[in-house]
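Descriptive analysis of the structure
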Amino acid sequence: LFAESARGRYFGNGEDLLARAQLIDSWHPDLTIAIHYDVRVSKDPEADPQGLQDISKGPCRDATKVYVPGAFFADELSLREDRALFMMHAARSRKWDRTVEIASHVVQNLSQGLGIPMEEEDFGNSIAVKPGVFARNLSLTRRVRSGHLNYIESLYYNCPAEFERLVLQDGPKIAGQARISARADEVARSIAQGIVAAMTVD
């Protein structure tokens, strides 16, 4: 725990994520969206795990998914705070159902808007709850108490085709400044459409 190599993971990252959760809760939001670009790590230990997928071995795998709170495993409940957060989420089943419903609309719109499939496989420490929606005990999904939280993994940026699209400055300007990529704009618009669709459901 106190090794120099572990400082960033156990102290820097932990404090940063706690500060983010506290800041989010201070705003009392109805909905929090965390937008990430995922990476499919190579199973070859000698390959660069952050490099581009090797398309010489077949087409790159690209997909989208959304994480919601949940999937608390026994070895993740050793701290009193973590047990209290688990009970908080377990006692709010109607809120969790609504969070999943929002996530489902978002991931469907991402899949359609980006032309990529919804992720089908869970990753050991997550549980599939709907197509493209997984419960996972991430720091933010565990700690944020206000409103609903969707933790979005938009696409796999180390798929070469996605990487090439994301580096282009062929999209709209932001506040009259530098252009973003059209692909990033598609991500944002698809998420927004998913949220609107979820909000208009009776």
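Residues numbered from 1 in each chain as written. Predicted model: local features only at pLDDT ≥ 70, side-chain atom pairs only at ≥ 80, totals over all residues. Heavy atoms only, no water.

**Some thoughts on a nonpolar patch on the surface**
A grouping of Leu52, Phe163, Val167 and Leu168 is seen on the molecular surface, where their side chains present a nonpolar patch of about 370 Å² in accessible area. Its location among the elements puts leucine 168 in the loop between helix 5 (160-167) and helix 6 (182-199). Since its relative accessible area comes to 44%, leucine 168 is described here as partly exposed. (Patch = residues over 30% accessible without salt bridge, like charges linked within 9 Å, V, L, I, M, F, W, Y side chains within 5 Å. Areas by Shrake-Rupley, 256 points an atom, 1.4 Å probe, with all protein chains shown as cover. Salt bridge = Lys/Arg side-chain N within 4 Å of Asp/Glu carboxyl O. Helix = DSSP H or I, 4+ residues; strand = E, 2+ residues; numbered from the N terminus. Buried < 20%, exposed > 50% of the residue type's maximum accessible area, 1.4 Å probe, protein only.)

**Concerning helix 6**
Spanning 18 residues, helix 6 covers 26 Å between terminal C-alpha atoms, matching the ideal 26 Å at 1.5 Å per step. Elements in contact with the buried residues of helix 6: strand 1 (31-38), helix 3 (93-114), strand 5 (148-156) and helix 5. (Expected span 1.5 Å × (residues − 1). Contact = heavy atoms within 4.5 Å.)

**Some words on the sheet that holds strand 1**
Taken together, the five strands give an open sheet; going across it, the order is 1-5-2-4-3, and neighbouring strands pair in mixed fashion. Both outer strands of the open sheet, strand 1 and strand 3 (126-130), are each paired with one neighbouring strand and no more. Across the sheet, the axes of successive neighbouring strands diverge by a mean angle of 30 degrees, strand direction being ignored. With three bridges connecting them, strand 2 (residues 65-68) and strand 4 (residues 133-136) associate as parallel partners. Bridged to valine 68 within strand 4 is alanine 135. (Pairing = 2+ DSSP bridges. Axes fitted to C-alpha atoms, helices over the stretch in contact; angles between N-to-C directions.)

**Observations concerning the state of the cysteines**
The tally for this structure, following the rule as stated, stands at one disulfide. Across the disulfide, cysteine 60 is cross-linked to cysteine 159 (sulfur-sulfur distance 1.9 Å). Taken as a pair, cysteine 60 in the loop between strand 1 and strand 2 and cysteine 159 in the loop between strand 5 and helix 5 lie far apart in primary sequence, 99 residues in all. (Disulfide = S-S within 2.5 Å.)

**Regarding the packing of helix 3 against helix 6**
Contact pair helix 3 / helix 6: the axes reach a minimum separation of 8 Å and the direction vectors enclose 140 degrees. The angle between helix 3 and helix 6 places the two elements in the oblique class. Judged by the sense of rotation from one axis to the other, the crossing of helix 3 with helix 6 is right-handed. Residue-level contacts link Arg98, Ile102, His105, Val106, Asn109, Leu110, Gly113 and Leu114 of helix 3 to Arg183, Glu186, Val187, Ser190, Ile191, Gln193, Gly194, Ile195, Ala197, Ala198 and Met199 of helix 6. Taken together, the residues that form the contact of helix 3 with helix 6 break down as ten nonpolar, six polar and three charged. (Parallel < 35°, antiparallel > 145°, perpendicular 65-115°, else oblique. Left-handed = near helix turned anticlockwise from the far one by under 90°. Nonpolar A, V, L, I, M, F, W, Y, C, P; charged D, E, K, R; others polar.)

**Describing the packing of aromatic side chains**
Counted according to the given criterion, the structure contains three aromatic pairs. With a centroid separation of 6.3 Å and an interplanar angle of 55 degrees, the aromatic rings of tyrosine 67 and tyrosine 151 are classed as tilted. With tyrosine 67 in strand 2 and tyrosine 151 in strand 5, this residue pair connects regions lying 84 residues apart in the sequence. The class for tyrosine 67 is buried, based on a relative accessible area of 2%. Given a relative accessible area of 13%, tyrosine 151 falls into the buried group. Every member of this aromatic cluster is reached through a ring pair, and the members are Tyr67, Phe134 and Tyr151. Positioned above the aromatic ring of tyrosine 67 is the side chain of arginine 136, whose terminal nitrogen or guanidinium carbon lies 5.1 Å from the ring centre. (Phe/Tyr/Trp six-rings, centres within 6.5 Å; stacked < 30°, edge-to-face > 60°. Lys NZ or Arg CZ within 6 Å of the ring centre and 35° of its normal.)

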